[in-house]
Amino acid sequence: MPIPNPFHELIQSTLHPRQYNWLPGRLLYAAGYLRWQWDARSARREPFPGPEKLTVILLSYLRVRNLEPMVRSLLRCGFVEKIVVSNNNPEHRIADWVQIRDRRVYLLDQPRPTPCSIRYQIALEEPGPYFLSIDDDVFLYPGQVRRLFEELVARPTAPHGLQGEDFLGERTPKTCLGWKINLHGFEGQVDNINTCYAFTREHAAEMERLARLLGLDLADIPMGSDVLLGAAGQERPFLHDVGSVLHCLSCHRVGVATWRKRGFFTKRCQLFRELRALKGWPAPPLSA
């Protein structure tokens, strides 16, 4: 029987200490994870005031132990009509890891290693107008999911999220190679959203159009698909303060976290400039 999280991740953090960032710490992670899952098993169903329904798309690659707990929590949302879990790593069979049986849960195994941009191609193949995709190291409570859905329904002209970034220029000091990161607790517009993406079918369709003009396949963009989403609305994306957000202990882990890959921020700068030119928006600065 595989060791579940949070215990597996705690063990890995002691075996590979140099791969982990120790903030906020092991005990806070373990306590938060157990509290989140207690809520998923015991809390009331989260309602939504309107008739709108939400389709959630989850992706699995190197954090397969997180997926069933995420599904369990999302099923507490009465407004979630469907949960699609796409396993992008053929080394696993997702049904071995997500064993919850519910009519709203659909499991997919991709035949080859697949990048996270597949989430938007999946959205285009689904009938629903509203979508939420959550990275596999972000653990939201049903009330937080509801808040993002409310914001998307109220203002569908732009994507919505809870963490993002602004581009200040490659030559700007004290940034991640030109990007200023806006973490949780921020309300307002940004250039891109990260980790959690609330969007519409129209946004996904515009992403497909932009990708095609750039000579890219929407289902096969190795890095930077969130930059594409940032250009897919009629206005810049919005971030919302949904309260404290729990992350997996591996969110900074070298070899697991996508943002730790070589060239991550540099490639984003290039794609951001290309999209600005394509959309006819003002060119971003070289420095702030």
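One structure accompanies this document, and this report is about it. What you are looking at is a predicted structure, and each value in this text was computed from that prediction instead of being measured.

Thoughts on a nonpolar patch on the surface
Item 1. A cluster of nonpolar side chains, Ile3, Phe7, Ile11, Leu15 and Leu34, forms an exposed patch at the surface whose accessible area comes to about 470 Å².
Item 2. No other element matches helix H1 (residues 7-15), which puts three residues into the nonpolar patch.

Concerning the packing of helix H2 (residues 26-42) against helix H3 (residues 67-74)
Item 1. At a minimum axis distance of 8 Å, the contact between H2 and H3 shows a crossing angle of 45°. Viewed along their axes, H2 and H3 adopt a mutual orientation that is oblique. Our pair here, H2 against H3, has a crossing hand that is left-handed. Of the residues in H3, those touching H2 at Tyr33, Trp36, Gln37, Ala40 and Arg41 are Pro69, Met70, Arg72 and Ser73.
Item 2. Tallied by class, the residues present in the contact of H2 with H3 amount to five nonpolar, two polar and two charged.

Regarding the side chain of Thr195
Item 1. Relative to the helices and strands, Thr195 is located in the loop between strand E10 (192-194) and strand E11 (196-200).
Item 2. Beyond its immediate chain neighbours, meaning those up to four positions away, Thr195 contacts Ser133, Ile134, Asp135, Val138, Leu162 and Gln163.

Comments concerning the pairing of strand E7 (residues 163-167)
Item 1. Most of E7 is tucked away: five of the five residues are buried.
Item 2. Every second residue of E7 is oriented toward a common face, with Gln163, Glu165 and Phe167 on one face and Gly164 and Asp166 on the other, all of them buried.

Let's talk about helix H6 (residues 201-213)
Turn by turn, an α-helix covers 3.6 residues, leaving residues three or four places apart pointing in a common direction.
Item 1. In a regular helix each residue adds 1.5 Å, so 13 residues correspond to 18 Å; H6 covers 19 Å between its end C-alpha atoms and thus fits that length.
Item 2. With its phi angle positive at about 75°, Gly215 sits one or two positions after the end of H6.

A word on empty space enclosed by the protein
If a probe as big as a water molecule is rolled over the atoms, it shows which places are left empty.
Item 1. For the structure on display, the rule yields two cavities of 30 Å³ or more.
Item 2. Taken as a whole, the largest cavity holds about 70 Å³ of empty space.
Item 3. Secondary structure elements with two or more residues in the lining of the largest cavity: helix H7 (225-230) and helix H8 (264-279).
Item 4. Of all the elements, H8 adds the most residues to the lining of the largest cavity, at three residues.
Item 5. Roughly 40 Å³ of volume is contained in the second largest cavity.
Item 6. Of all the secondary-structure elements, those providing two or more residues to the lining of the second largest cavity are H3 and strand E5 (138-139).
Item 7. Among the elements that make up the lining of the second largest cavity, the one with the highest residue count is H3 (three residues).
Item 8. The residue makeup of the lining of the second largest cavity, split by class, is seven nonpolar, one polar and no charged.

Focus: the environment of Gly78
Item 1. Relative to the helices and strands, Gly78 resides in the loop between H3 and strand E2 (80-87).
Item 2. We classify Gly78 as partly exposed; its relative accessible area is 25%.
Item 3. Separated by 64 residues in the primary sequence, Gly78 and Pro142 place their C-alpha atoms 9.3 Å from one another.
Item 4. When sequence neighbours within four positions are dropped, the list of residues in contact with Gly78 reads Arg45, Glu46 and Lys53.

Quick word on the environment of Tyr33
Item 1. Here Tyr33 is to be found in helix H2.
Item 2. The spatial distance from the C-alpha of Tyr33 to the C-alpha of Asn5 is 8.2 Å, given a sequence separation of 28 residues.
Item 3. When near neighbours in sequence (up to four residues on either side) are disregarded, Tyr33 contacts Asn5, Pro6, Arg65, Asn66, Pro69, Phe139 and Leu246.

Let's talk about the packing of H1 against H2
Item 1. Look at H1 against H2: their axes get within 10 Å of each other, and the N-to-C directions meet at 165°. Overall, the two elements H1 and H2 adopt an arrangement that is roughly antiparallel. The two elements H1 and H2 meet at a crossing, and its hand is right-handed. In this structure, H1 uses Glu9, Leu10, Ser13 and Thr14 to contact H2, whose residues at the interface are Arg26, Tyr29 and Ala30.
Item 2. Tallied by class, residues from the contact of H1 with H2 come to three nonpolar, two polar and two charged.

About the cut-offs
- Throughout, a residue's number is its position along its own chain's written sequence, starting from 1.
- A pLDDT threshold of at least 70 governs which residues receive local features in this predicted model, and a stricter bar of 80 or more applies before side-chain atom pairs are shown or counted, although totals over entire chains, interfaces and linings include all residues.
- To obtain the side-chain values, all non-hydrogen atoms of the structure were included, while hydrogens and water were left out.
- In this scheme, patches are assembled from residues that exceed 30% relative accessible area and form no salt bridge. Like charges are connected within 9 Å, while nonpolar side chains (Val, Leu, Ile, Met, Phe, Trp, Tyr) are connected within 5 Å.
- Residue-level accessible areas treat just the shown protein chains as cover; the underlying method is Shrake-Rupley with a 1.4 Å probe.
- Each salt bridge in this description consists of a side-chain nitrogen of Lys or Arg and a carboxyl oxygen of Asp or Glu lying within 4 Å of one another.
- The helix and strand labels rest on DSSP assignments: H or I over at least four residues marks a helix, E over at least two residues marks a strand, and numbering proceeds from the N terminus.
- The axes used here are C-alpha line fits, helices contributing only the stretch in contact, and every angle between their N-to-C directions lies in the interval 0 to 180 degrees.
- Oblique is the label for any angle not under 35 degrees, not over 145, and not in the 65 to 115 range, which are roughly parallel, roughly antiparallel and roughly perpendicular in turn.
- Crossings are classed by handedness, with left-handed meaning an anticlockwise turn of the near helix from the far one by less than a right angle and right-handed meaning a clockwise turn.
- Residues are treated as being in contact if the distance between any of their heavy atoms lies within 4.5 Å.
- Charged residues are taken to be Asp, Glu, Lys and Arg, nonpolar residues to be Ala, Val, Leu, Ile, Met, Phe, Trp, Tyr, Cys and Pro, and polar residues to be all remaining types, Gly included.
- The buried label goes to any residue with under 20% of its type's maximum accessible area, the exposed label to any with over 50%, and the partly exposed label to all in between, with areas taken from a 1.4 Å probe on protein chains only.
- Take the residue count of a helix, subtract one, and multiply by 1.5 Å to get its expected span.
- Cavity and pocket criteria rest on a 1 Å grid covering protein atoms alone: a 1.4 Å probe that fits but cannot get out defines a cavity, protein on both sides within 12 Å along at least 5 of 7 lines defines an open pocket, and an atom within 4 Å of a point defines a lining residue.
- Grid points are joined across faces, edges and corners, and a volume is the space filled by probe spheres set on the points.

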